[in-house]
Amino acid sequence: MNPTMLDSGMVRRKKEMKRSAWGIPKGIVLLATPEGWRTSVLTDDGMLCGRLDVPINTDPQDARAAAAVMVTDLARDFHDTDVEVRWEPPQEPWSWTGLITLSAENDSPWPDTEG
């Protein structure tokens, strides 16, 4: 980061996040594998797959919570939007599918007053 001089004091510039080339997440699949927890996140532009950063012996409910946090953080950081994850009942053992929707907060008719 390059510092900026203001009134003879040093101020750091806020690190700017790059906009993602991928669209807003629409769905997520969480799988328990012998190697660890894996996720696949579906967007309008494709699918992002990777390892969920939790221990291999993490309880499935805790793994779903961690995956939901990961997706909501990504949507907020890269798309400036809030999303919610709704997990479907499992169709197969050790596999969960979640529907990702825009949070009700994004539909507010009031202008954003933070700043």
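For the structure, check the block above.
In this report, we go over the structure that sits alongside the text. (Residues numbered from 1 in each chain as written. Predicted model: local features only at pLDDT ≥ 70, side-chain atom pairs only at ≥ 80, totals over all residues. Heavy atoms only, no water.)

Along the protein chain, the regular secondary structure elements total 1 helix and 7 strands. The secondary structure elements of the protein chain, listed N-terminal to C-terminal, are β-β-β-β-β-α-β-β. In the protein chain, which comprises 115 residues, the proportion classed as buried is 27%. Nonlocal contacts in the protein chain, meaning residues at least 24 apart in sequence, comprise 36% of its contacts between residues at least 6 apart. Taken as a whole, the protein chain presents about 8600 Å² of accessible surface, with 53% of it coming from carbon and sulfur. (Helix = DSSP H or I, 4+ residues; strand = E, 2+ residues; numbered from the N terminus. Buried < 20%, exposed > 50% of the residue type's maximum accessible area, 1.4 Å probe, protein only. Contact = heavy atoms within 4.5 Å. Areas by Shrake-Rupley, 256 points an atom, 1.4 Å probe, with all protein chains shown as cover.)

Turning next to the pattern of salt bridges. Using the criterion set out here, one finds 5 salt bridges in the structure. Asp44 is the partner of Lys26 in a salt bridge, and the nearest nitrogen-oxygen pair spans 3.9 Å. Pair noted here: Lys26 is in strand E3 (residues 25-33) and Asp44 is in the loop between strand E4 (36-43) and strand E5 (46-51), with a separation of 18 residues, a long-range link. Exposure remark for Lys26: the relative accessible area of 35% places this residue in the partly exposed category. (Salt bridge = Lys/Arg side-chain N within 4 Å of Asp/Glu carboxyl O.)

Bridge count for E3 against E4 is 8 bridges, and the pairing is antiparallel. Within E4, the residue paired with Val29 across the bridge is Ser40. (Pairing = 2+ DSSP bridges.)

As a further point, take the environment of Val29. One can find Val29 in strand E3. Considering only alpha carbons, one finds Val29 and Ala67, 38 residues apart in sequence, at a separation of 9.2 Å. Those residues within four positions of Val29 in sequence are excluded, and the remaining contacts are Arg38, Thr39, Ser40, Trp96 and Thr97.

In this structure, Asp80 is a non-glycine residue whose phi angle is positive, near 50°. Here Asp80 is to be found in the loop between helix H1 (60-79) and strand E6 (83-87). Residue classification places Asp80 among the exposed positions, given a relative accessible area of 55%. Backbone geometry places Trp94, a non-glycine residue, at a positive phi of 65°.

Relative to the 28 Å expected for 20 residues at 1.5 Å per residue, H1 spans 28 Å between its end C-alpha atoms, a close match to the ideal helical length. All buried positions along H1 are accounted for by Pro60, Ala63, Arg64, Ala67, Ala68, Val71, Thr72 and Ala75. In an axial view of H1, the angular spread of the buried residues amounts to 165°, which keeps them on one side of the axis. Elements that come into contact with the buried residues of H1 comprise E3, E4, E6 and strand E7 (95-102). Put simply, Asp59 is the residue that caps the front of H1, since its side-chain oxygen is 3.0 Å from the backbone nitrogen of Gln61. Phi turns positive one or two residues past the end of H1, at Asp80, with a value near 50°. (Expected span 1.5 Å × (residues − 1). Arc of directions from axis to C-beta. Polar contact = N/O pair within 3.5 Å; in protein donor to acceptor, adjacent residues only side chain to side chain.)

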